[in-house]
Amino acid sequence: MSNWQSPEATARLNKRYAAERRFKLLGLAAIVLSMLFLAVLLFTMLKNGISGLDWSFLSGSDSTDPSTAGVWSAVKGSILTMLVTLALAFPMGVLAAIYLEEFAPRSRWVDWIEVSINNLAAVPSIIFGLLGLAVFIQFLHLPRSSPLVGGMTLALMTMPVIVISGRNAIKAVPPSIRDAALAVGASKVQTVFHHVLPLALPGILTGTIIGMARALGETAPLLMIGMRAFVSTPPGGVSDPSSVLPMQIFLWSDEVDQGFVQNTSAAIIVLLFVLIAMNGVAIYLRNKFETRW
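A look at helix 6 (residues 147-171)
Step number 1: In this model helix 6 runs 34 Å from its N-terminal to its C-terminal C-alpha over 25 residues, within 8% of the 36 Å that 1.5 Å per residue would give.
Step number 2: The sharpest bend along helix 6 measures roughly 35° and falls at Met157, with the proline Pro160 sitting one to four residues further on.
Step number 3: Burial analysis of helix 6 places 19 of its 25 residues in the buried class, which makes it a mostly covered element.

Notes on the packing of helix 8 (residues 188-216) against helix 11 (residues 259-289)
Step number 1: Here helix 8 crosses helix 11 at 175°, and the two axes come no closer than 8 Å. With respect to helix 11, the element helix 8 is oriented roughly antiparallel. Between helix 8 and helix 11, the contacting residues are Pro202, Leu205, Thr206, Ile209, Met212, Ala213 and Leu216 on the first element and Leu271, Val274, Leu275, Met278, Asn279, Val281, Ala282, Leu285, Arg286 and Phe289 on the second.

Some remarks on the pattern of salt bridges
Step number 1: For the structure on display, the rule yields six salt bridges.
Step number 2: Of the charged contacts in the structure, one is a salt bridge between Glu114 and Arg167, with a shortest N-O distance of 3.1 Å. In this pair, Glu114 is assigned in helix 4 (residues 108-120) and Arg167 in helix 6, connecting sequence segments 53 residues apart. Accessibility classification places Glu114 together with Arg167 in one group, the buried group.
Step number 3: Each of Glu101, Arg106, Glu114 and Arg167 takes part in one network of salt bridges that share partners.

Overview of the packing of aromatic side chains
Step number 1: Using the criterion set out here, one finds three aromatic pairs in the structure.
Step number 2: Measuring from ring centre to ring centre gives 5.4 Å for Trp109 and Trp112, while their planes differ by 20°; the resulting arrangement is stacked. Of this pair, Trp109 and Trp112 both sit in helix 4, three residues apart, roughly one helical turn.
Step number 3: For Trp109, a relative accessible area of 56% translates into the label exposed.
Step number 4: Judged by relative accessible area, Trp112 falls into the exposed class, the value being 53%.
Step number 5: With centroids separated by 6.2 Å and ring planes inclined at 35°, the aromatic side chains of Trp252 and Phe260 adopt a geometry described as tilted.
Step number 6: Of the residues examined, Phe260 reaches a relative accessible area of 3% and is grouped as buried.
Step number 7: Members of the aromatic cluster, connected to one another through ring pairs, are Phe57, Trp252 and Phe260.

Rules used in this analysis
- Residues numbered from 1 in each chain as written.
- Predicted model: local features only at pLDDT ≥ 70, side-chain atom pairs only at ≥ 80, totals over all residues.
- Heavy atoms only, no water.
- Helix = DSSP H or I, 4+ residues; strand = E, 2+ residues; numbered from the N terminus.
- Expected span 1.5 Å × (residues − 1).
- Bend = angle between axes of the 7 residues up to and from the residue.
- Buried < 20%, exposed > 50% of the residue type's maximum accessible area, 1.4 Å probe, protein only.
- Axes fitted to C-alpha atoms, helices over the stretch in contact; angles between N-to-C directions.
- Parallel < 35°, antiparallel > 145°, perpendicular 65-115°, else oblique.
- Contact = heavy atoms within 4.5 Å.
- Salt bridge = Lys/Arg side-chain N within 4 Å of Asp/Glu carboxyl O.
- Phe/Tyr/Trp six-rings, centres within 6.5 Å; stacked < 30°, edge-to-face > 60°.

So yeah, pure geometry; function would need other evidence.
Structure (structure tokens):
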């Protein structure tokens, strides 16, 4: 066969190669621009706050004096809030994803639920704060400014993300896994929980950690339920008054005293470290439990 190509075919091939090169350059430019913004943010925060990162700052609580103020109270409040969020959102989100993907019959009611879950994932976070204020505080009379109410409010916001990521992870499991389990006599429930769920676990955990990282950085829902309060002592439990890291940063950034500028930058560094650690956990879990087929 001849390798000769018509001028029209050569022109189309060159045009395609040029489009691919432009696409690669645009992708590289987007990555460089994103990394540049991150580098500027890290440089600014490190320049303003690295000198304030000492043991007294990491182990102290909020104070009206910037020289004695610390972040431990807010860090502990964030940990307790995230534990409540995880304990509520993860099991309910995973079970909902399993039911919708494996057991729910195809009907208009189920279609309406799926559309509602997708819409909830895009609802502004402050709406969940208003919902938490109306239901948990005004109706159920749960303690205001507590990690319990904060965690329940953030669980409402995080659950749709877990359901969507869980459904996608379950859907990615090959049908042959289900067919093989059913062929050897396993029931539908055994097939799902013994074979499908373990294979979908990496995607579910990754989506959960990403949703939790988003919840950790939220301030609007927690502002609505009163976690803006000044708390000078670390919380002893999930029902005690508490603050969280994003809210503590917000409060310090609004202070007139210039000494809080360093504290704000140092608290941002702590928050960034926690977020990077959570994303690192997500990558580790994905690589540890990932199964290739």
